[in-house]
Amino acid sequence: MYKLIFLLFFTLSGFSQTFFGKVIGVKDGDTVVVLDSLKKSTTLRLAEIDCPEKNQPFGTKAKQFTSSQVFGKTVKYIVTDIDRYGRAIAMIFYGKTDKYLSAELVKNGLAWHYKKYSKSRSLAKWELEARTKKIGLWADPNPIKPSIWRRN
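Residues numbered from 1 in each chain as written. Predicted model: local features only at pLDDT ≥ 70, side-chain atom pairs only at ≥ 80, totals over all residues. Heavy atoms only, no water.

Q: Summarise the overall build of the protein chain; cite the residues concerned and give the values.
A: Per the secondary structure count, the protein chain includes 5 helices and 8 strands. Helices and strands in the protein chain line up, N terminus first, as α-β-β-β-β-α-β-β-β-α-β-α-α. Relative to a compact globule of 152 residues, whose C-alpha radius of gyration would be 15 Å, the protein chain shows 15 Å and is just as compact. Counting only C-alpha atoms, the protein chain reaches 45 × 30 × 30 Å along its principal axes. Relative to its full complement of 152 residues, the protein chain shows a buried share of 42%. Taking contacts inside the protein chain between residues at least 6 apart in sequence as the whole, the part at least 24 apart equals 59%. (Helix = DSSP H or I, 4+ residues; strand = E, 2+ residues; numbered from the N terminus. Rg over C-alpha atoms; globule rule 2.2 N^0.38 Å. Buried < 20%, exposed > 50% of the residue type's maximum accessible area, 1.4 Å probe, protein only. Contact = heavy atoms within 4.5 Å.)

What follows is the structure, given as structure tokens:
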């Protein structure tokens, strides 16, 4: 019920809000579970990117990277939307310098910049740099986007 009220408030309010929570689970490279101060858990899908699926090449590495960066830590997150599965889409920031988790995944070649939902020039630039340097999944001569992998 709490999640439904939260999602309804977010959708109707039309503005994003900043929240804090401890990451208590990492489902895959671009999906985490946070526990808020009221001890309610919320699944967050990272905004602006798409990581390889668990059973896809680099899927495990993306999950391990996300875990190494945020698992067990308190993060700041800004909910930007709700996906078709009812998950909150969020921009997650962590560490003393507020690193942007989606950007760190892209820079390390562990995610695609999801251009369909993001116009970020920075993410586009970092993806191009990772591709050029053949970092992470870009070492594969023919990486398959997760959206295509899921259809197979």
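Q: Outline the pattern of salt bridges, listing residues and values.
A: Following the criterion strictly, the structure yields 10 salt bridges and no others. With a shortest N-O distance of 2.6 Å, Asp83 and Arg87 are connected by a salt bridge. For Asp83, a relative accessible area of 15% corresponds to the buried category. Here Lys107 ties to Glu104 by a salt bridge, and the two come within 3.5 Å at their closest N and O atoms. Of this pair, Lys107 and Glu104 both sit in helix α3 (residues 101–107), 3 residues apart, which is roughly one turn of the helix. Under the relative-accessibility criterion, Lys107 is labelled partly exposed at 32%. (Salt bridge = Lys/Arg side-chain N within 4 Å of Asp/Glu carboxyl O.)

Q: Help me get a handle on the nonpolar core, residues and values and all.
A: Ranked by internal contacts, the top residues of the largest apolar core, which has 30 residues, are Leu44, Val75, Tyr77, Ile92 and Leu105. Within the residue set of this core, elements represented by two or more residues are β1 (18–28), β2 (31–35), β3 (41–46), α2 (59–70), β5 (74–82), β6 (88–94) and α3. Excluding anything up to four places from it in sequence, Leu44 contacts Asp30, Thr31, Val32, Val34, Tyr77, Ala88, Ala90 and Ile92. (Core = buried A, V, L, I, M, F, W, Y, C linked by side-chain atoms within 4.5 Å.)

Q: A description of the side chain of Arg45 should follow, citing residues and the corresponding values.
A: Note that Arg45 resides in strand β3. The class for Arg45 is buried, based on a relative accessible area of 9%. Apart from residues lying up to four places away in sequence, Arg45 is in contact with Asp30, Thr31, Asp50, Asp83, Arg87, Ala88, Ile89, Ala90 and Tyr114.

Q: Give a description of α2 that names residues and reports values.
A: A turn of α-helix holds 3.6 residues, and therefore any two residues three or four places apart point the same way. The end-to-end C-alpha distance of α2 is 17 Å, a good match for the 16 Å that 12 residues give at a rise of 1.5 Å each. Every buried residue belonging to α2 is among Gly59, Ala62, Phe65, Thr66, Gln69 and Val70, and all of these are buried. Down the axis, α2 shows its buried residues gathered within 125 degrees of arc, on one side only. In the core, the buried residues of α2 are packed alongside β1, β2, β5, β6, β7 (99–100) and α3. (Expected span 1.5 Å × (residues − 1). Arc of directions from axis to C-beta.)

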